Amino acid sequence: MQLELPLLLVLAISVVGLIFAWMLAQWVLRQDRGTDKMRVISDAIQQGAEAFLRRQNSAILKIAVPVALLIFILYAFLRKTNAADPVDNATQLAIWTTISFVLGAGCSVIAGYIGMWISIRSNIRTASAARSSINQALQIAMRGGAVSGFLVVTMSLIGVGGLFAIVKTLGVVKDPTKIPLLIAGYGFGASLVALFAQLGGGIYTKAADVGADLVGKVEAGIPEDDPRNPAVIADLVGDNVGDCAGRGADLFESTAAENIGAMILGATLAGEVATHAGIQFEHGAIGVMLFPLVARAFGIIASAIGLFFTKVSETEDPMNGLNRGYYVSSLFAAVGFFISTKWLLAVKAGSPGADAWWKFLLCGLIGIATAQAFVYITQYYTEYKYRPVREIAEASITGPATNIISGIAVGLECAFMPVIVICAAILGSYFLAENAIHGAGLFGTAVATMGMLGTAAYILAMDTFGPITDNAGGIVEMSEQPEEIRKKTDRLDAVGNTTKALTKGYAIGSAALAAFLLFSAYLDEVRNYIDPVSKKDMFRASGAAIIDLSKPEVFCASLIGAMLVFVFAAMAIKAVGRAAKDVITAVREEFKSKPGILKGTEKPDYGRCVDIVTQGALRQMVLPGVIAVAAPVLVGLVFKQIGVISGQKAIGAEAVAGFLMVATIAGILMANFLNNAGGAWDNAKKYIETGAHGGKRSDPHKAAVVGDTVGDPFKDTAGPALHVLIKLLATITLVMAPFFL
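Counting starts from 1 at the beginning of each chain's written sequence and moves along it residue by residue. In keeping with the model being predicted, local features are shown solely for residues with a pLDDT of at least 70 and side-chain atom pairs are shown and tallied solely at 80 or more, while totals for entire chains, interfaces and linings include all residues. Each side-chain value is derived from all of the structure's non-hydrogen atoms; neither hydrogens nor water enter the calculation.

Outline the nonpolar core, supporting the account with residue identities and numerical values.
Core analysis: the biggest nonpolar cluster contains 269 residues, and Phe-150, Phe-360, Ile-437, Phe-443, Tyr-522 and Met-538 have the highest contact counts within it. Counting from the N terminus, the helices are DSSP H or I runs at least four residues long and the strands are E runs at least two residues long. With 22 residues, helix 7 (residues 232-277) is the single largest residue contributor to this core. Residue types Ala, Val, Leu, Ile, Met, Phe, Trp, Tyr and Cys, when buried and joined through side-chain atoms within 4.5 Å, form a set referred to as a nonpolar core. Remark: exposure states derive from per-residue accessible area (1.4 Å probe, protein chains only) relative to the maximum for the residue type, with buried under 20%, exposed over 50%, and partly exposed in between.

Break down a nonpolar patch on the surface for me, with residues and values.
A contiguous nonpolar patch, built from Leu-61, Val-65, Leu-69, Ile-73, Phe-77 and Leu-78 and spanning about 630 Å² of accessible area, is present on the exposed surface. A relative accessible area of 40% places Ile-73 in the partly exposed class. Patch criteria: residues need more than 30% relative accessible area and no salt bridge. Like-charged residues are merged within 9 Å; nonpolar side chains of Val, Leu, Ile, Met, Phe, Trp and Tyr are merged within 5 Å. Working definition of accessibility: Shrake-Rupley area with a 1.4 Å probe, residue cover restricted to the visible protein chains. Just to be clear on terms, a salt bridge is a Lys or Arg side-chain nitrogen sitting within 4 Å of an Asp or Glu carboxyl oxygen.

I'd like a description of the environment of Thr-268, backed by residues and values.
Topologically, Thr-268 is positioned in helix 7. With 90 residues separating them in the primary sequence, Thr-268 and Lys-178 have C-alpha atoms 9.6 Å apart. Contact between two residues is taken to exist if any of their heavy atoms lie within 4.5 Å; hydrogens are not considered. Leaving out residues up to four positions away in the same chain, Thr-268 has contacts with Val-273 and Asp-524.

I'd like to hear about the environment of Met-563, residue by residue, with values.
Considering the arrangement of structural elements, one finds Met-563 in helix 18 (residues 552-593). Judged by its relative accessible area of 43%, Met-563 is partly exposed. Separated by 100 residues in sequence, Met-563 and Ala-663 have C-alpha atoms that sit 7.8 Å apart.

Please provide a residue-by-residue account of helix 11 (residues 387-395), values included.
By the burial criterion, the buried members of helix 11 are Pro-388, Val-389, Ile-392, Ala-393 and Ala-395. Take helix 11 and look down its axis: the buried residues cluster within an arc of 165°, on one side only. Those residues of helix 11 that are buried are in contact with helix 10 (356-382), helix 12 (400-413) and helix 21 (651-689). Throughout, the arc means the angular range of directions from the helix axis out to the C-beta atoms.

Residue-level account of helix 4 (residues 134-170), with values.
Spanning 37 residues, helix 4 covers 53 Å between terminal C-alpha atoms, matching the ideal 54 Å at 1.5 Å per step. Across the 37 residues of helix 4, 32 count as buried, placing the element largely inside the fold. N or O atoms closer than or at 3.5 Å make up a polar contact, with two conditions inside protein: a donor-capable atom paired with an acceptor-capable one, and, for residues adjacent in sequence, both atoms drawn from side chains. The opening residue of helix 4, the one whose side-chain oxygen lies 3.3 Å from the backbone nitrogen of Asn-135, is Ser-133. Gly-171 occupies a position one or two residues after helix 4 and carries a positive phi of about 70°. For a helix, the expected span equals 1.5 Å multiplied by the residue count minus one.

Outline unusual backbone geometry, listing residues and values.
Although it is not a glycine, Glu-480 adopts a positive phi angle of roughly 55°. Structurally, Glu-480 is set in the loop between helix 15 (456-478) and helix 16 (483-529). In the Ramachandran plot, His-693 falls in the positive-phi region, its phi being about 55° despite a non-glycine side chain. Relative to the helices and strands, His-693 resides in the loop between helix 21 and helix 22 (699-736).

Structure representation (structure tokens):
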């Protein structure tokens, strides 16, 4: 069968994106690697990061393989075929769902590894460049981050678009609009790996960071990244495995799952909705379904253009250069949306809805504006130029207790503006699309989500920029470079802290829109599979879903969903505490047994701490991850059996819908609290280190270090892991939906 032009365009732009990433990597690798002393430190970071990731991927493989086998068995032998199935043969459905899962999991592993691989090679080159030019150092760090950003986004498009092309070319599915249902396992596979990658990396990075800070800065009174600290290499390794590998897998999962969810809603728009409204699209159902991929492909081009605007003078604030590139990327993403909506969402002449395409364009622009809003909101709550962080710094004057109280208050307060923005985006895009074509409201929210993800490659580049510059500062400190060089890397590191906070805000904003998109896709799938009698219990005649919280089963399932978020976050934070305890004990023992370390006459054993944190992180990540995967499945199956007893055949699917809805709401609020409270605590400490309230080694500084230590597992472990949890719950219910009926 012939492949459509939109799909060929997506695959072509994706290949160009891969080539562009390869060219950026080659440029970065050609840069100078600094002095021999710098290379020794960089090599130690590289070895530690690669060793951790090998062991983590081995642990993930042991979980992913049984899950893949379980999916195959469930689909091939325990699931009844249905008229709504993409294919008639149960074995064929099981094979393609399992293949999709395995490919999604494999690509997520690769995406995470690539992010870490380039980061641990960019850090030393950034440190070396800082000796002569802050602009050159910024260019290397940003382009190193862009390698990860472009590979993650292009791989997600190639994965989904390639699977779609293969299935269509082989003629596996008679109706191409059902292909997204056949490959939904791809999103689940990506989500599963991303959860464990983010959890394991997050536990590692914060256990090492907390251990290094408490024993080094607080107890021994030595500077951050001091070579006398045995945990400092483990801390620098953690930046890469958490913020690079973990976030790479996270955003890969986001883009892959959201592409599939948007395609499912596109199929509904082009099928039931268009038929009911008497509308014919210019490029048919396939064009509407491929629109999300085309819009995202144009986003790759937009991000590439924006990257070339990230230049600064030697005296300019480096953040100005990054912001400039982001604004340019957003502008060209809007142009890409104009082209893709005008092309693929236009209706045939004489058909109703002639002006629909530009209303869908406005939905996309709402998504782009939402991304901008989250950037500004996160900046306000986490930069020390603004009130919230300064309040925490001022509270540090009276000790650690008031610092922590103030930080928690800021974290709770920051739920307000993001929720307003999310609501405005969902309502605005929904009613614009509904006004364009009756019944298209949900697809409008999908278009807004694609708009928010339009600059995902550039955003991920900014995110990876943070750990690269953090590592560069550590390399400069440990190799004992002159103070003026450290001041340059400190400027870049401060910007990197801001970009990491911004991308977390962006990630939770996109997760919120994506969760609504995937929730809608789940309801669409249930609507297809539910029998006519039970359909009346869960869907109105208009097709709108009824999730009735007054039913005790639905209310209890919803309560379990909220509870899962709290328990999951608690387990992630406790895991950091347990792993950090082992690091603290090891460092204290080493200081005691080798008194010459603090005098500078003996060398610490860096490898021991790296190994301790690796073992602790991998041990602690398993239980919360398994609970997250098992919870929605158990809720669906248990309440299905309750429905059999009570005569409510649809109650299992409805209970899962309630579970998913409330877990998403609780997850968004909790992630916002954890991300922004942690970021605010971190920058309150950095604000004091600039000289405010007594500066370094003052009592307010010691109080701020305690607050920052509390915030570390908030912002870098539990918060980011919740981004993945929200989407994992949605993708697993999407794959398992038929079993709940």
